[in-house]
Each structure stands twice: as C-alpha cells, then as structure tokens.
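Structural overview for review
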Amino acid sequence: MARVGQVKLPAGERLSDRIAIGVLTQAFPPGLVDEVIAETGRVEKRSRLLPARVVVYFVLAMCLFFGQGYEEVARLLGEGLGDGRRSWRVPTTAAIGRARRRLGPEPLRLLFARVCRPLAVSGTAGAWYRRWQLVAVDGTTLDLADTEANDEFFGRPGSGRGVGAFPQARLVGLAECGTHAVFGAALGPLSASEQTLSRQLFAHLRAGMLLLADRGFYGFELWQQARASGADLLWRVRKNAALPIVRVLGDGSYLSEVFAEQDRRTRRDPVTVRVVEYTLARTGDTTVYRLLTTLLDPKEAPAVELAALYAQRWEIETTLDEIKTHQRGPRLVLRSKYPWGVEQEIYGLLLVHHAIRQLMHQAALREGLDPDRLSFTRSLRVVRRQVPTQAALSPRQTRQRTDPHPG
C-alpha cells in the first residue's frame, strides 16, 4: 500500500519517469526531451537507473543548483518518489558521470535550438523601439575545471605575469534586451574571437529586429553579414574609424560610406551608413561616442533617440551577469573535466536561464510590468524551491502545477 502523499505507479511506469524539474518542466516537457534524445540517437538500449531523459533533467538541475554535488542534485530530483514498495535509489557520482558521458552535449544543444527563442510580444514593455525589436550581441568567458583535456582544447588566458589559473571557454550570446532571453549562442576555445563566433548567430536574426553591439564587433565583413539577415544594426565603432562625411542630416547625424578592406583605396562598392556622434555632457565625460546604423532616415529614428537607445546594449551585460554571478555563483568554476561535458554544462546553464526568464516574462505580462522590474535572483530562488515539491506529483499534477493558466 502506498504511503500517505504518494501515488501508486501505473503498470510499466518507472520511478524515474516521475522525475521533473519543478516549474521548469513547463519549458522542457518530457515529450520534447524524449524527442531531442531520439533525434540525436541517445535513446538507451536497455533499462537503466538513469535513462536519457532523467540525465537531461539532471544536467538542468545541476545547472539550477550550481555548486551542489552530483548525489545531492540527484537526491533533490528524486525526493518524495516512491510507490509504497519501492523508493528512488540515488545514483552514485560515478554512475552519474558515466550517464552524462553517454548523453553527450548534442541533446542539450538541440533542446536549446528548440526552446530558446525570443519571448517578447507586442505588449512586452521595454522590448521595442518604435517598430523594432531590440536585441544585442556580446561575449564572455567561463572558468573551467583545471584538467589537461580542458586546457588542451580551450586554452588559458595569458598575461605579463604568466598564464591564468584555469582554462576558459568563450561564449558569445544573442539576447533580447527587453526580456533578457538568450536565443542564440556560440561556444569555442579562448583563441576564437567574439567576432568569429558571432558569425554563427546571425541566422537567428530577422527583419524587424535592431541589433546592438559594442565597438569590439565592427568590421566591414561582419557588418555586411549581419545586415544580410534583414535585421537593422546600431553598433558603436572606434573613434579612429575612417568615416567621411557624405551628407549632414537635419538632426546632426550624417551619411557616410564604408568599404571592404581591399576596396578602401579605390573606394569601390561603397556601402552607405549613417553616423551618430555624441558625448555624455552631464557626466563630465568628454569621450565622443560614434554609432553606425543602417537606419538612414532621421525621421524614422532621430539621432538623439538612437544615442539614448544605445544604453540598452547593457541589458546583455546584465544577462550574462545573471548567468555567471547569480545562477552559477561568483568565482565558481564549471565542474566538467572534458570538453564534451563543458559544452553540455554551458547549454544547461543557458537553458535554465531561458526557462526562468520565460516564467518572469509571463508574470510581467499578467501584471502589465516591464520584465526588468522583476528580480532574477528572487525568481531563481522560487524555481529552486519548486523542484523537491514537484518530484512526488503525478504527471497530471505536474502539468497543472507548471501551467501558468490551468484549466
């Protein structure tokens, strides 16, 4: 007989089939997880304590409860499971490590591609400038476990005082400014530049978006590749960039021309751009900021508005800080000892962040708030508290708990 608070399993159902990740199961339902596992050829050939779906949920839980040991994360996932005759047996650290290796990074990468999309709708406050959806690109680095395999694949930062303490992976993300949802990511070794990795992200852009980027990204070829996506661009450029004045516009901005490197002397095949120059007078900062944009008509996008709008690029800095400082934890190192595990773990971090931001966006819409008004740290704590509670629910109860609008 089942104990109070527990539900008998239907015939043929395994205890592990009940494992969920709290409210995050809304973003990663079992059917979708099973689908990406099948598409990547990771379906297990025999019954295991840790079937592939459970391992996906474990990786996500590991990235939700960053800093906790393997067995503690597994205990949180399985807490409350049982049918009166059996109870969830927590796998050993070694068994979990082998299961992660069997899974590999491919299912997490595909799950990211399926789930992580822009979230903003027409009613999302702070996500739009006039008719454009605001998005931004930026990069960061993540400290990795100090192993020979990670060192060889990813490399270490160097300085005048020697090499860094840990290998590092480079991550470049594409995020929605209004919701902080990361919907494109490219990973690579430290030797891969942000500009090189960002080329993998432009396929996620579309007409109606306005892409913001800092001065480290501009290059003619990269600009043209981003422009070919159909999105509009607003990028800061270095102060020494050669931008001849072709025509001064009524709002103080001016039209200019940029060229491919091999065409600069002959001025062949020019590309027309608009330049906005400004200073932050009230701060006492005399730096001249120069923005390059594809928005050529000052009536559609006045220079003073574009200058103010560029500050929205900092939203992706905040997004990366949420992942690295609040979700992962300050000064913590990724635990994976091999490159395949690093990729799996980074996609796990991105997936969990996106799911939390999705819940925050839904809550903001219901209350008519800007998502920026909600606390990511508080939301993270709420999501963490839900995981042990979720484990003992039936599949029907799980759907009801994770549906923000049940019935």
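Let us look at the structure shown here. (Residues numbered from 1 in each chain as written. Predicted model: local features only at pLDDT ≥ 70, side-chain atom pairs only at ≥ 80, totals over all residues. Heavy atoms only, no water.)

1. Overview of the overall build of the protein
In terms of helices and strands, the protein carries 13 helices and twelve strands. A total of 407 residues make up the protein; the buried ones form 50% of that total. A fraction of 66% describes how many contacts in the protein between residues 6 or more apart in sequence connect residues 24 or more apart. Just so you have it, the protein exposes about 19200 Å², and 50% of that area is on carbon and sulfur atoms. (Helix = DSSP H or I, 4+ residues; strand = E, 2+ residues; numbered from the N terminus. Buried < 20%, exposed > 50% of the residue type's maximum accessible area, 1.4 Å probe, protein only. Contact = heavy atoms within 4.5 Å. Areas by Shrake-Rupley, 256 points an atom, 1.4 Å probe, with all protein chains shown as cover.)

2. Some thoughts on helix H11 (residues 339–367)
Here H11 spans 42 Å end to end across 29 residues, near enough to the 42 Å set by a 1.5 Å rise per residue. Two residues or fewer after H11 comes Gly 368, characterised by a positive phi angle close to 70°. (Expected span 1.5 Å × (residues − 1).)

3. Considering the pattern of salt bridges
Working definition: two side chains of opposite charge can pair if their charged atoms are close together. Considering all chains together, one arrives at 17 salt bridges under this definition. In this structure, the salt-bridge partner of Arg 53 is Asp 34, at a minimum N-O distance of 2.8 Å. With Arg 53 in helix H2 (residues 52–64) and Asp 34 in helix H1 (residues 30–39), this pair connects stretches of sequence that are 19 residues apart. In this structure, the salt-bridge partner of Glu 300 is Arg 131, at a minimum N-O distance of 3.4 Å. Here Arg 131 lies in the loop between strand E1 (128–129) and strand E2 (132–143) and Glu 300 lies in the loop between strand E12 (285–293) and helix H9 (303–309), a separation of 169 residues in the sequence. Salt bridges here are not isolated pairs; linked through shared partners, they connect Asp 138, Asp 214, Arg 313 and Glu 317. (Salt bridge = Lys/Arg side-chain N within 4 Å of Asp/Glu carboxyl O.)

4. Let's talk about the environment of Leu 190
Mapped onto the elements of the fold, Leu 190 is located in the loop between strand E6 (182–189) and helix H7 (194–198). Look at Leu 190 and you get buried, because its relative accessible area is 16%. Considered as a pair, Leu 190 and Thr 141 are 49 residues apart in the sequence and their alpha carbons are 7.7 Å apart. Apart from the residues lying within four places of it in its own chain, the contact partners of Leu 190 are Thr 141, Phe 154, Gly 155, Arg 156, Pro 157, Gln 168 and Arg 170.

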